[in-house]
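# Coordinate inspection notes
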Amino acid sequence: MMKQPLLLLIDGHSLAFRSYYAFATSRRGALRTATGIPTSICFGFLNSLLQVLELQQPEYVAIAFDREEPSFRHQADPNYKANRKETPEDFIPDLANLQELLAALNLTITTVAGYEADDILATLTSQGSAGGYEVKILTGDRDLFQLVDDNISVLYLENRAIKSSSPSPYQEFNPEAVQAKMGVAPSQIVDYKALCGDPADNFPGVRGIGDKRAVKLLQEYGSFEGIYGNIDKIKGASKKYLEAGKKDGEHSRYLAQLHHEVPLNITLSSCLLQGFSVDAVQPLLDKLELKTFSKQLDRLQKQLGGTVTASAGKEEQEERQLSLFEDVAVEPSQEEPAPVSTPSPITPLIIDTKEKLKELITILETRRDKPVAWDTETTALNPMNATLVGIGCCWGPEPTEVAYIPTAHTGGDNLEKEAILELLAPILEREQYPKVLQNAKFDRIVLLQYGIKLAGVTLDTMLASYVLHPERSHNLKDLCQRYLGAITAKSYKELPIPKGGTIADLDIPMVADYCGLDAYSTFLLGEKLEAELATLPRLYELLLDIEQPLEAILAAMEVQGVRVDRQYLAELSDQLEVDLKAIEHQAYQEAGEEFNLASPKQLSEILFTKLGLDPKKSRQTKTGYSTNHAILEKLQGDHPVIDSILEHRTLAKLKSTYVDALPQLINEKTGRVHTNFNQAVTTTGRLSSSHPNLQNIPIRTELSRPIRQAFLPETDWLLVAADYSQIELRILAHLSQEPVLLEAYQNQADIHSVTAKLIFDKDKITPEERRLGKIINFGVIYGMGATRFAREAGVSTAEGKEFIERYRQKYQRVFAYLERVKREAVAFGFVTTIWGRRRYFDFASRSLTKLRGEHPDKIDLAKMKLSHSDAQLLRAAANAPIQGSSADLIKIAMVKLAPTLAQYNARLLLQVHDELVFEVPRNEWEELQELIQSTMEGAAELSVPLVVEVCGGNNWLEAK
């Protein structure tokens, strides 16, 4: 397996404050330009960032900042951070300039209202770890130590790194280093702070319990609960302090705990380093007089994932900045890892002669009663571009029942790849030889490149873990730690791969041990996971009937890929460039002067200072007034320039994200774009798509529809889209048994008109009234409140409240169902889909956690004062069975369609939420249209009929 891509997360405010005070408190004082612009933060931040990028070589970077408005912690405790000094006056413009500079460098910056940067980092860390990334967090804040585990480390920034180029600008903290520094493990940091408190954040902890006493208690009793569960065993002053301070300790624990489910406005794929436009960066460096970095632009470009070419102008630079991503080459760290001293638990056989291979096959041919674990080693993370380096297998629990077959090492004795696969094919391709793999889709695609069609996978340990615990990490090392204890797969980063090399450059015995241990661990995990699944038969059925059959279907879809019209996109890009220039010129005329439409600061000055638009429709920021998309929509109609700005933003994003990016993602060997369908990432059960993300190709607006026209079938075939109609509302009708919904769907009525008639209490409605019915129908599934409904519907908040209340009265069983699911989430800790898929929920407030195990009917949530985060979790819980059942349904449809499609030449290409996309020969279209529709509509029996629309065309747009 290849090295995990590195995701570097940066604690923006922590690094900014360190940069500011590094200079503000020095003898020379804060840095400024000749005209007085403060630059301490910009210089210090950029200097540290460049050092860390050079040392760590990340592929993905995200920077999180705090917001000025209070977070949920401030709402929970007015004294939270109350003793902090007032922000220095020159800090604010310096930070604003930094954020503008980071944006110009094409780095991903994110903030979320109601949450702190640490919560955003915690959420990204969880997503990154679950998605197979190695995660490192750059910070000067020890609060983030709680996130450290074997795949996540903290780069704790040293003060000296701010001012100069230090050879070691940070200290890296892994679990052992955190334990050595703090005296407790990362998993105990929250409990440690609950006991000690935090003077910097102004929460008390348990008064009287200092650092040393807290460490001792946690070392003895393990956790906060463990301490209070053994309170009678604790003697003396410690017991007195603990009993008196329990409430403060629980409150401090709530404040210290980072949240891992912040509703982010970015995705991990959007954090890929892509380089930047020099024309965007250079003027800012000049303005800030950061000459040091002006001289290092090539170095900076290289570190930020760009290409350095002497003639690269603005247009060339911009064309390289993608938002739909192909896999990047993964380069190992410059530092060689320390040698692993732990002795290997296995003694793998190295199959380096044909005689040994024949002996191995004889052994494997007798293993028909128990699965054999298999693993492949390759030169790349993308299986479509990977060369097979070796194959490992394990057929029993003994350390010697492991083998490795080298096929493409640069040194040593390799067996001829074709001869190996020819001999192994009868075993790999037959169902009667059961197999267990970790992430079988990867190995399946690798083997497909060599003509081997893998069959007989009885267990995929990654998918088994996902079905059992969707909220956890499913990588092999984490699974080993949870289930196997002392036996654990090695980390790829432990291998001494030379810079610019691959695993093929390592000695065969070393890779034999590495690959063999993966196979051995997978074999042992298979037994553990099957035993756990046996206690949860509905989840076992979900794995065997849906998830594992789907894996082979997804592999075939990824290998097939989808055609993209390169010439059409080039022409569309040229046209959009012309349109953007025209809109830009129109905006200048409307505003009365030229300005940078992409600069929030300049836009704020134009709109609220020069044009005098109503600032009450915006909110104050550190650079002026906010000009985000929601604010601009509020301002529509107040001045013609607003429409121009919104149209320019939309077109610019479509051009950079799709029109210019997609042609660069075409695989030169196949002429197609190949996405990766992630089957074990989302907690809802939905598939996700990455490298590139083809589930976000827009369709809703007139401006975005032409992009779908670029997706083509094979020459002279048809592209076909089959879409479930209103699937989530139909599932809601089935789950809630709401009579109005059931009757409407059973009679094939227009549900949005039905809702509008009920809300407005009239027999005939206008198109506008139907639109409001549609908004509220879909909004209620996601817990839409009156304020959000009013904003989306374009009505007053009072009218929004009235509409929601009318809906509640007309659809009482819908709301009764949603409330019941919330109570089940509290009582059981999880909710389930129609097919038994679980989504787990951990609530922060004690008032909810103490209700675990209660009967749902005895829980009254209406009487509880819930934190903002717990209220969000409850809304997610209410939605989870609906969204999860929708995800299950389309997966079932894909599995049921597979044997039908196997009889034809037609192929399934994409799954986009509730839609399937096929390419179909014209002579098969008439027959398959009916078969696809009937199979999808018959995928499940609900209380209401399922309806599928199947359309074909010469491209994806025509198929819709």
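Residues numbered from 1 in each chain as written. Predicted model: local features only at pLDDT ≥ 70, side-chain atom pairs only at ≥ 80, totals over all residues. Heavy atoms only, no water.

### Thoughts on the overall build of the protein
As a reminder of what qualifies: Counting from the N terminus, the helices are DSSP H or I runs at least four residues long and the strands are E runs at least two residues long. Contacts are residue-level and defined by heavy atoms, with any inter-residue pair within 4.5 Å sufficient. Accessible surface area values rest on a Shrake-Rupley calculation with a 1.4 Å probe, where residue burial reflects the displayed protein chains alone. Positive charge is attributed to Lys and Arg, negative charge to Asp and Glu, and no charge count is given to His or to the chain ends. Charge positions are represented by NZ for Lys, CZ for Arg, CG for Asp and CD for Glu.
If you tally the helices and strands in the protein, you get 39 helices and 25 strands. C-alpha extents for the protein along the principal axes are approximately 80 × 75 × 70 Å. Considering only contacts in the protein between residues 6 or more positions apart, those separated by 24 or more positions represent 70%. Here the protein has roughly 41,200 Å² of accessible surface; of this, 49% comes from carbon and sulfur atoms. Charge centroids of the protein, computed over 105 positive and 131 negative side chains, lie 6 Å from each other.

### Some details on the packing of aromatic side chains
Counted only if it meets this: Any Phe, Tyr or Trp ring, taking Trp's six-membered ring, that has another such ring centre within 6.5 Å forms a pair; planes under 30 degrees apart are called stacked, those over 60 apart edge-to-face, and the others tilted. For every residue, the accessible area obtained with a 1.4 Å probe (protein chains only) is divided by the maximum for its type, and the residue is called buried under 20%, exposed over 50%, and partly exposed between those limits. Only Lys NZ and Arg CZ are tested; either one counts as a charge over a ring when it is within 6 Å of the ring centre and within 35 degrees of the ring normal.
In total, this model carries 20 aromatic pairs according to the counting rule given. Ring centres of F711 and W956 lie 5.2 Å apart, and the angle between their planes is 80°; this geometry places the pair in the edge-to-face category. With a gap of 245 residues between them, F711 in strand β19 (residues 711–712) and W956 in helix α39 (residues 956–959) connect regions that are remote in the sequence. Overall, F711 belongs to the buried group, its relative accessible area being 0%. Both rings, one in F828 and one in F830, keep their centres 6.1 Å apart while their planes meet at 35°; by these two values the pair is tilted. With relative accessibility at 40%, the residue F828 sits in the partly exposed group. Members of the aromatic cluster, joined through ring pairs, are F17, Y20, Y21 and F91. The lysine or arginine in question, R18, covers the ring of Y156, its NZ or CZ lying 5.2 Å from the ring centre. One cation-aromatic arrangement involves R808 over F815; the distance from NZ or CZ to the ring centre is 4.2 Å.

### Quick look at the nonpolar core
So the rule is basically this: Nonpolar core, defined: a set of buried Ala, Val, Leu, Ile, Met, Phe, Trp, Tyr and Cys residues in which side-chain atoms within 4.5 Å join the residues together.
Among the nonpolar cores identified, the biggest contains 142 residues, and F711, Y724, F789, F918, M936 and W956 are the most heavily contacted of them. At 14 residues, the largest contribution of residues to this core is made by helix α37 (residues 868–901). If sequence neighbours within four positions are ignored, F711 has contacts with V562, R563, V564, L662, L694, I697, L719, N955 and W956. Counting residues in hydrophobic clusters, the runner-up holds 58 residues, among them Y80, Y115, I209 and L268.

### Quick word on the environment of Q903
Basically, it comes down to this: We call two N or O atoms a polar contact when they sit within 3.5 Å, provided that within protein one can donate a hydrogen and the other can accept it, with sequence-adjacent residues counted only if both atoms are side-chain atoms.
Relative to the helices and strands, Q903 resides in the loop between α37 and β23 (907–912). Classification of Q903 as exposed rests on a relative accessible area of 65%. A polar contact is formed between the side chain of Q903 and the backbone oxygen of P899, at a distance of 3.4 Å.

### With respect to the state of the cysteines
Defined simply, a disulfide is a covalent bond joining two cysteines at their sulfur atoms. Rules: The definition used for a disulfide is geometric: two cysteine sulfur atoms within 2.5 Å.
As enumerated under the stated definition, the model contains zero disulfides in all. Unpaired in terms of disulfides, C515 finds its nearest cysteine sulfur in C393, a separation of 8.7 Å.

### Some thoughts on the pattern of salt bridges
Spelled out, the test is: Should a side-chain nitrogen of Lys or Arg be within 4 Å of a carboxyl oxygen of Asp or Glu, the pair is scored as a salt bridge.
Tallied over the entire structure, the rule returns 37 salt bridges. Here K610 ties to E593 by a salt bridge, and the two come within 3.1 Å at their closest N and O atoms. Pair noted here: K610 is in helix α25 (residues 600–610) and E593 is in the loop between α24 (566–591) and α25, with a separation of 17 residues, a long-range link. Salt-bridge contacts for R672 lead to E919; the nearest nitrogen and oxygen are separated by 3.1 Å. Pair noted here: R672 is in strand β16 (residues 672–673) and E919 is in strand β24 (residues 915–921), with a separation of 247 residues, a long-range link. A relative accessible area of 7% means that R672 is categorised as buried.

### Some details on the sheet that holds strand β13 (residues 562–564)
We apply this condition: Should DSSP find at least two bridges between two strands, the strands are taken to pair.
Read from one edge of the open sheet, three strands run β16-β13-β19, paired in antiparallel fashion. Two strands bound the open sheet, and with one partner strand each, they are β16 and β19. Sheet topology note: the β13/β16 ladder contains two bridges and is antiparallel. Directly across from R563, in β16, lies its bridge partner R672.

### Some details on helix α34 (residues 797–810)
As a reminder of what qualifies: Each residue after the first adds 1.5 Å to the expected span of a helix. The arc refers to the directions leading from the helix axis to the C-beta atoms.
Given a rise of 1.5 Å per residue, 14 residues ought to cover 20 Å, and the 20 Å separating the end C-alpha atoms of α34 matches this to within 8%. Residues of α34 that are buried: G800, F803, I804 and Y807. Relative to the axis of α34, the buried residues are bounded by an arc of 95° and lie together on one face. Turned more than 90 degrees off the buried face of α34, the exposed positions are A798 and K801.

### Here we look at the packing of helix α32 (residues 767–781) against α34
Threshold: Axis lines are fitted to C-alpha atoms, over the contacting stretch for helices. Their N-to-C directions set the angle, which ranges from 0 to 180 degrees. By the definition adopted for this analysis, an angle is roughly parallel if under 35 degrees, roughly antiparallel if over 145, roughly perpendicular if from 65 to 115, and oblique otherwise. Should the near helix be turned anticlockwise from the far one by less than a right angle, the crossing is termed left-handed; should it be turned clockwise, right-handed. Classes in brief: Ala, Val, Leu, Ile, Met, Phe, Trp, Tyr, Cys and Pro nonpolar; Asp, Glu, Lys and Arg charged; the others, Gly included, polar.
Relative to each other, α32 and α34 sit at 70°, their axes nearing to 11 Å. One finds that α32 runs roughly perpendicular with respect to α34. By crossing handedness, the relation of α32 to α34 is classed as right-handed. On the side of α32, the interface is formed by L772, I776, N777 and V780, while α34 contributes F803, I804 and Y807. Residues that form the contact of α32 with α34 fall into these classes: six nonpolar, one polar and no charged.

### Describing empty space enclosed by the protein
To keep things clear, this is the line we draw: Site definitions follow a grid-based scheme: protein atoms alone, a 1 Å grid, a 1.4 Å probe that fits but cannot get out for cavities, and for pockets an open set with protein on both sides within 12 Å along at least five of seven lines, plus lining residues having an atom within 4 Å of a point. Grid points are joined across faces, edges and corners, and a volume is the space filled by probe spheres set on the points.
This structure, assessed with the given rule, holds four cavities of 30 Å³ or more. Taken as a whole, the largest cavity encloses approximately 50 Å³ of empty space. Contributing to the lining of the largest cavity are W374, T376, I391, L428, L437, D443, L447 and L454. Only β8 (372–378) and α19 (440–448) provide two or more residues apiece to the lining of the largest cavity. Among the residues making up the lining of the largest cavity, the classes are represented as six nonpolar, one polar and one charged. Reported here for the second largest cavity is a volume of approximately 40 Å³. Surrounding the second largest cavity, T683, T684, V831, T832, T833, R837, R838, R839, A880 and P881 form its lining. Where the lining of the second largest cavity is concerned, the elements lending two or more residues are β21 (830–832), β22 (838–840) and α37. Of the residues contributing to the lining of the second largest cavity, the split by class is three nonpolar, four polar and three charged.

### A look at the sheet that holds strand β11 (residues 435–437)
Taken in spatial order, the six strands of this open sheet run β7-β10-β9-β8-β11-β12, and their pairing is mixed. Of all the strands in the sheet, just β7 (349–350) and β12 (457–460) have a single pairing partner and so form its edges. The sheet contact formed by β7 and strand β10 (residues 402–406) spans two bridges and is parallel. Within the sheet, the bridge partner assigned to L349 lies in β10 and is A403. Of the strands in this sheet, β7, β8, β9 (388–394), β10, β11 and β12 touch helix α22 (residues 508–534), which is tilted by about 140° from β8.

### Re the confidence of the model for the protein
This is how the line gets drawn: Residue-level confidence of the predictor, termed pLDDT, takes values from 0 up to 100.
Looking at the protein as a whole, the pLDDT averages 87, with 93% of positions reaching at least 70. In the predicted structure, residues 309–341 sits below a pLDDT of 50 and forms 78 contacts with residues beyond four places in sequence or in another chain.

### A closer look at the pairing of β23
A regular strand places its side chains so that they alternate between the two faces of the sheet. With five of six residues buried, β23 is to be regarded as a mostly interior element. As paired elements, β23 and β24 share five bridges and run antiparallel to each other. Across the sheet, the residue bridging to V912 is E915, located in β24. Where β23 hands over to β24, the hairpin turn is made up of two residues, of which H913 adopts a positive phi near 60°.

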